[in-house]
Every structure is written in C-alpha cells, then in structure tokens.
Amino acid sequence: IRDFNIPIKEKEIEKWHGANKYEVLDNFLKKQCHEKHFNQQKKILHDNFEKNLKEKYFFNDSISLIDAKVPELFTKMRSSGIKIGLNTGYSSDIQLAIIKNLKLDEIVDDYVASDMVKYGRPKPFMIQKLMMNNNIDNPNLVIKVGDTPNDILEGKNANCRESIGVLSGASNRNILEKYKPSLIINNIVDLDI
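### Let's talk about the pairing of strand S4 (residues 162–166)
Thinking step 1. In terms of burial, S4 is largely enclosed, as 4 of its 5 residues are buried.
Thinking step 2. Sheet topology places strand S3 (residues 143–146) next to S4; 4 bridges connect them, and they run parallel. Directly across from Gly146, in S4, lies its bridge partner Gly165.
Thinking step 3. Examined bridge by bridge, S4 and strand S5 (residues 183–185) share 3 bridges and lie parallel to one another.

### Thoughts on the packing of helix H2 (residues 21–32) against helix H3 (residues 35–57)
Thinking step 1. Closest axis-to-axis distance for the H2/H3 pair is 10 Å, and the angle between their directions is 135°. With respect to H3, the element H2 is oriented oblique. Taken as a pair, H2 and H3 cross one another with a handedness that is right-handed. When H2 is examined against H3, the residues Lys21, Tyr22, Leu25, Asp26, Leu29 and Lys30 are found in contact with a partner set consisting of Phe38, Gln41, Lys42, Leu45, His46, Phe49 and Glu50.
Thinking step 2. In terms of residue class, the contact of H2 with H3 is made up of 6 nonpolar, 2 polar and 5 charged.

### Digging into the packing of aromatic side chains
Thinking step 1. Applying the stated criterion across every chain yields a total of 2 aromatic pairs.
Thinking step 2. Ring centres of Tyr22 and Phe49 lie 5.7 Å apart, and the angle between their planes is 85°; this geometry places the pair in the edge-to-face category. Taken as a pair, Tyr22 in helix H2 and Phe49 in helix H3 lie far apart in primary sequence, 27 residues in all. With respect to class, Tyr22 is no different from Phe49; both count as buried.

### A look at the pattern of salt bridges
Thinking step 1. In total, this model carries 9 salt bridges according to the counting rule given.
Thinking step 2. Note that Arg121 is salt-bridged to Glu154, the shortest N-O span being 3.0 Å. Here Arg121, found in the loop between strand S2 (110–113) and helix H6 (125–133), pairs with Glu154, found in helix H7 (residues 149–157); they are 33 residues apart in sequence, far enough to count as distant.
Thinking step 3. Given a relative accessible area of 7%, Arg121 falls into the buried group.
Thinking step 4. Among the charged side chains, a network of salt bridges with common partners joins Arg121, Lys144, Asp151 and Glu154.

### Let's talk about helix H5 (residues 92–101)
Thinking step 1. Among the residues of H5, Ile94, Gln95, Ala97, Ile98 and Ile99 are the ones counted as buried.
Thinking step 2. Among the structural elements, H3, strand S1 (85–88) and S2 are those in contact with the buried residues of H5.
Thinking step 3. A positive backbone phi angle near 60° is found at Lys103, which sits one or two residues after H5.

### Considering the sheet that holds S5
Thinking step 1. As summarised here, the arrangement of the 3 strands in space is S3-S4-S5, forming an open sheet in which the pairing is parallel. Single-partner strands in this sheet number two, and they are S3 and S5. In this sheet, adjacent strand axes meet at a mean angle of 25° when their direction is disregarded.
Thinking step 2. Sheet strands in contact with H7 are S3 and S4, and its direction is about 170° off that of S4.

### Concerning the nonpolar core
Thinking step 1. Counting 33 residues, the largest nonpolar core has Leu29, Tyr57, Leu73, Phe74, Ile107 and Leu191 as the members making the most contacts within it.
Thinking step 2. Of all the elements in the fold, those that place two or more residues in this core are H2, H3, helix H4 (70–79), H5 and S4.
Thinking step 3. Ignoring anything within four residues of it in the chain, the contact list for Leu29 reads Phe4, Ile6, Phe38, Gln41, Lys42 and Leu45.
Thinking step 4. With 5 residues, the next largest nonpolar core counts Ile127, Met131, Ala158 and Cys160 among its residues.

Reading guide: rules and limits
- Residues numbered from 1 in each chain as written.
- Predicted model: local features only at pLDDT ≥ 70, side-chain atom pairs only at ≥ 80, totals over all residues.
- Heavy atoms only, no water.
- Buried < 20%, exposed > 50% of the residue type's maximum accessible area, 1.4 Å probe, protein only.
- Helix = DSSP H or I, 4+ residues; strand = E, 2+ residues; numbered from the N terminus.
- Pairing = 2+ DSSP bridges.
- Axes fitted to C-alpha atoms, helices over the stretch in contact; angles between N-to-C directions.
- Parallel < 35°, antiparallel > 145°, perpendicular 65-115°, else oblique.
- Left-handed = near helix turned anticlockwise from the far one by under 90°.
- Contact = heavy atoms within 4.5 Å.
- Nonpolar A, V, L, I, M, F, W, Y, C, P; charged D, E, K, R; others polar.
- Phe/Tyr/Trp six-rings, centres within 6.5 Å; stacked < 30°, edge-to-face > 60°.
- Salt bridge = Lys/Arg side-chain N within 4 Å of Asp/Glu carboxyl O.
- Core = buried A, V, L, I, M, F, W, Y, C linked by side-chain atoms within 4.5 Å.

What follows is the structure in structure tokens.
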C-alpha cells in the first residue's frame, strides 16, 4: 500500500482487521485509482503484497507462536475430543506456509483460508466450510475465538455457541467490547474448555 502512495489512517484500517486481505487492498486501491487502471494496478498491488508476505513467512525462521503454550493447549483440547480448526484472511498458500513454519499442522485438525470460500470474514463461510469438512452439523457445537471485530462477527454470523475475543492480537478490549463477544480473554492459552 505504501508503494502505491495510498494514504490510510489507523482508524480506517481498524474495521478491516481479520478480513480477506485482497478485499482490503482492493477497497483502498479503488479510492486512489481511476477505474480504467484499477485491474492493472490491482494485479501489481496483489503481486507485491504476496511477494512481501512470502518473504516474511516462507523464508523467515524468526516467526513464532503467539504463546509457547499453544501446542500444549491444543493437544489437551484434542485429547478431550475437541476439534481445532483455523481460518484466516490470508490466501491459502500464505496460510499453509505459516502453518508449516509453526508446525501447526501437527496440532490442529483442519484449516481454511478466505480464498477457499466465496467471501471471507465477517461472512460465516469459512466456519461453515470447517464444519462441513469435520462433519459438524450444529453451529451450537462451535466456539469461535479471534482477535478482531470481524472474528467476533464471523462467529455470530455462523450462529456459533460462543464468539470469544482474545487480546493477544490485533484489537484491544475497547474495540472488541463494541461487538459484544461472549467473553474476552487476554491470551489464547487462557481458554478453559
């Protein structure tokens, strides 16, 4: 976005946390670009974005889990019969790189990216795909945990039993409280399920 000289204030980007990253880019590019140049500029912007992400996630050994206790938590949950599914606003190849880099594929049951469904967050499609993939028919059996307003809304739009906010990511308590999550916790490892 900086390479395209698109001015964005922090307040403007706040509502986009957790959304499909390409939808975010397109939204801000449309404000800056004439319609006849949009598709050409969009391709360049998307390519630059992917290149930057791949440099960060494909070739960087310094990427780490948000908390070293996550594997222990997920293993405990899975041994109790709870399935762990991940979803993201990133593309599936970026998601897979992150998952492999952090060895999450060893401790989760499934994962879905926003480019694998018609629309990303706050629409419920990624949760619904995870449910379908894991033979879960009732959304009342699903708890959504996320660090953005779009995560909270996604859980609500999917009719999940609970939509829990977590403060160890993009949003603070004041922002999450506006979206009325079932609960707000400081860190993912504070989950008590």
